[in-house]
Amino acid sequence: MFRLTVKNFLDKKIRFALTTLAVVAGVTMIVAVFTMTDSLRASFDGLASDIAEGTDLTVRTVQTIGSDLDRAAVPQELAETISAIDGVAEIDPGVGSFNTVITDGNGDAILPSGPPTIGTNWSKSQYFLTAGDIPEASDEFAVDATTAEVNDLRIGNRYPITSEVEQREFKLVGIFNFGAPDEHRSLGQTMASFELDTAQDFFGLTGLYSEIGVRVGGTESVEKVQAATAAAVGPKYEVVTSEVIEDETQSNFASIINVFNTILLVFAFIIVFVAAFIINNTFQIVVAQRIRELGLLRAVGATGKQISRSVRLEALIVGVFSTIVGIGLGVVGGSGLRWMLNTTGFTLPSGPIQLQPRTVIWAAVIGIGITFAASLIPARRARTISPVAAINTDQRLAATSLRRRLIGGGIMTGVGAVSLANGLFVASSTRATLTSMGIGAVLVFIGVNTLSPSFARPIAHLLGRPIAKLFGTPGRLAQGNAARSPRRTASTAGALMIGLALVGMAVVVGSSLTKSFLQTLDNAVEADYFVQSRVGNFNPSAGFSQEAATRIEELPEIGDIVRYRFSEDGMWINGKAEDLFSSDFAKVTDHLNAQIIAGGLRDADPATSIAVHSDPARDLDLAVGDTLEVTFPDNETETLSVAAIFDDASIFGNWMVDNVVWEEHINSRQLGFVTATIAGFSDDLPEPEQEQLLAATATALEPVLESFPSVKAENRVEFRQGQQDQLNSFLAVIQVLLALSLVIALIGIANTLALSVFERTREIGLLRAVGMTRRQLRRAVRWEAVIIAVFGAILGLALGVIFGVAAVVAIPDSIISSISIPIGVLLVYVVLAAVAGILASLFPAWRASRMNVLEAIYHE
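Procedures and definitions
Residues numbered from 1 in each chain as written. Predicted model: local features only at pLDDT ≥ 70, side-chain atom pairs only at ≥ 80, totals over all residues. Heavy atoms only, no water. Helix = DSSP H or I, 4+ residues; strand = E, 2+ residues; numbered from the N terminus. Polar contact = N/O pair within 3.5 Å; in protein donor to acceptor, adjacent residues only side chain to side chain. Contact = heavy atoms within 4.5 Å. Axes fitted to C-alpha atoms, helices over the stretch in contact; angles between N-to-C directions. Parallel < 35°, antiparallel > 145°, perpendicular 65-115°, else oblique. Left-handed = near helix turned anticlockwise from the far one by under 90°. Nonpolar A, V, L, I, M, F, W, Y, C, P; charged D, E, K, R; others polar. Buried < 20%, exposed > 50% of the residue type's maximum accessible area, 1.4 Å probe, protein only. Arc of directions from axis to C-beta. Phe/Tyr/Trp six-rings, centres within 6.5 Å; stacked < 30°, edge-to-face > 60°. Pairing = 2+ DSSP bridges.

Undergrad: Can you help me understand the side chain of Thr-35 in this one?
TA: Considering the arrangement of structural elements, one finds Thr-35 in helix α2 (residues 13–52). Only 3.1 Å separates the side chain of Thr-35 from the backbone oxygen of Ala-32, close enough to count as a polar contact. If sequence neighbours within four positions are ignored, Thr-35 has contacts with Gly-330, Val-331, Gly-334, Gln-354 and Leu-355.

Undergrad: Can you help me understand the packing of helix α15 (residues 486–524) against helix α25 (residues 823–849) in this one?
TA: Two quantities define a packed helix pair, namely the angle between the axes and the distance from one axis to the other. Running from N to C, α15 and α25 point in directions that differ by 155 degrees, and their axes come no closer than 11 Å. Judged by the inter-axis angle, α15 sits roughly antiparallel to α25. Classified by chirality, the crossing of α25 by α15 is right-handed. When α15 is examined against α25, the residues Leu-496, Leu-500, Val-503, Gly-504 and Val-507 are found in contact with a partner set consisting of Val-825, Leu-826, Tyr-829 and Ala-833. Partitioning the contact of α15 with α25 into residue classes produces 8 nonpolar, 1 polar and no charged.

Undergrad: What is the right way to look at helix α11 (residues 376–383) in this model?
TA: Every α-helix carries 3.6 residues per turn, so stepping three or four residues along brings you back to the same face. Looking only at α11, the buried set comprises Pro-378, Ala-379, Arg-381 and Ala-382. Along the axis of α11, the buried positions cluster into a sector of 165 degrees, meaning they face one direction only.

Undergrad: I would appreciate a short explanation of the packing of aromatic side chains in the present structure.
TA: Between two aromatic rings, the relevant description is the distance of the centres plus the angle of the planes. Scanning all chains against the criterion turns up 20 aromatic pairs. Measuring from centroid to centroid gives 5.5 Å for Trp-122 and Phe-176, while their planes differ by 90 degrees, and the two rings are edge-to-face. Of this pair, Trp-122 sits in the loop between β6 (117–121) and β7 (127–132) while Phe-176 sits in strand β10 (residues 167–180), and the two are 54 residues apart along the sequence. Comparing Trp-122 with Phe-176, the two get one shared label, buried.

Undergrad: Explanation requested: the environment of Gly-504 in the structure shown.
TA: Note on placement: Gly-504 falls in helix α15. Considering only alpha carbons, one finds Gly-504 and Ala-192, 312 residues apart in sequence, at a separation of 47 Å.

Undergrad: Explain the pairing of strand β21 (residues 627–631) here, please?
TA: Here is the key point about a regular strand: its side chains alternate between the two faces of the sheet. Taken together, the 2 bridges between strand β17 (residues 558–573) and β21 define a ladder with antiparallel strand orientation. From the neighbouring strand, Trp-572 faces β21, where its bridge partner is Thr-631. The sheet contact formed by β21 and strand β22 (residues 637–646) spans 5 bridges and is antiparallel. Residue pairing for β22: Thr-627 is matched across the bridge by Ser-641. Here β21 hands over to β22 after 5 residues, with Asn-635 in that stretch at a positive phi of 70 degrees.

Function cannot be read off these values alone, since they describe shape.
Take a look at the structure:
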């Protein structure tokens, strides 16, 4: 039986290739994701080690709130206290700041897409000079080797550099490697380094250090010096070892990598899920086609167990072969995946390929396990074939009754719907929500796929009716073939149904998100201009210099401006971390309308007030005038009074304080964005006057923007379009990843049609014998594929719309407030599915038309 099984594969090379293709695609995606993220993890771990090198201990402010961006600085005087401790050989004060942007010789800002732009003081333990000198004067700087090479920065030239506070011109005096003398180990970030006093002043940290590094010397142990230092500096500060710094840095990098890993694995498992449908369908058809062969084996003594084992062995061979090929392609695909993400706006570092044992295990589980599992039902059905099948040409495998399908599929769909509802409306944690929704979606897909043969015949007749009228005999034949085998039609369309259901859901959610976002801009924005970093709005660390805002504010064409800042988990309220948003209370309501329903901001005390969204206000039973204890990243607690309660969280989030409070407690001085009004501008002005004012303002802004090339300023129309384009780019990445599952589904259609052509060999021969031309035959196969594809598309998009609407309802109104079902886009997908069906049918149609008529007639 083993030799016979292997011989079947060697004799049916095309069937074997088509069967393995779907499995290979799934394994390739899984391996590509793991190899890419493992490569990133190795690169980032190396960087974390480089960052921690050079010091034994680090003294810094204790932080329990906010991110590292918000960590409070330590006073400069603390360095003297640390230097006097026994065992301290040397201290290395450090000053650092993000969004330190260099302007190159062409006047363009050097802004890597993804990695940060960093400014620091010179570090002799981490920076290794490769050319020039160490910066020592107040107008000198050094830059990392990669930034200098890529942007043609030359020693001796002067370049404008912008910090979070201001812009100055510096002379480039040195170029350095980071991490090693002979190799620059950065991951794409720009690094500008200054003399220590200059860095403090330039970053707005006069009299402060970001942290103080300590090198231990003499006979004292690191542990003893650590304890002595901790006792000397007091409880406001902590003393950590280089191992802690390395672990923290690795953890921060890992959290970023895990986001990529999780998102990409979701799409990979979608592909695997679709492939499982195709594999199961393929084995069902193969067993049905081999019924006479298997019956003959039973007649000459093969047992039912041996027949069943033969089918499972075929699946095992497919799985093993596909896994090996998939691993090989996945290693290459990891680099391709990195390239794809880089071209869509991310900047990911290059690094050595990492094929971990865990990746190989996952590949085997997916490739072999899924394939083998998909063969179990066909193998069980093959076991029931009797020797009578060997002599009965009309013998068919017993199929599941439609009544059982209705009951089983209905129950599974119902359970899946309940699980989805639980995830959307009941589950409290993110993990519980995603788990419940994932299980529910899988059950609904399986349930609907089980039910679909019950209505495949009438729908196939309905879809095929216009084809039959327009294309005559080929159309009628396509209609009849699709309708007479509802199980095959439904199972073939099932894989496409899953892919298009996910695409449909993404389209509905994306369209609703875009509509809600644009409605917010139209209804809530009163400002005329928007100023922000060119890095991108979806980057939480993006920001720009206060000086740029001040220069814009001083223009006579500008009425006034409002400055905004944001910090993720930037404060504690009632023992819970909350995002922090700040603005200028006195003017913000003239620029943005957040639908204030109680109180007001214009006359509120900026140093003691807070604005609250209606949801947390209701949860905490807050009213205007009530007070809150708020703790900030500097570990200081303020009592703030509720000045206003607002309804639109898409503008201010849930909590907003004045910039006065921010500057008192938050270390970062950068601006998140700025809104501005145009002096004398009004929507009531005649359109020519509006255009004249807009043109005059744009002209006035040009010199400022030339001085600060990392900043962009857009009027209301430009800002709206820019935000829409950025959102559409993000949604396009999602659609591309989901499209991979559609490609696998189309492979399934091609596979099924190719196998069905083989199954109908004798029928095709008879049709050719009575006068059907090769062209007519190709048309019949193509239109059958169109009927199947459109059936799957309609079923999938209907599910996608239902899932999409449910998701929109469950998503908070602060993110999506309107439901939008883009009928035109969905119809385009139906048309694309029909076209894709034609493409998938080209090879099966060509193969059918090339059959020898006499051989086909006598085929058994």
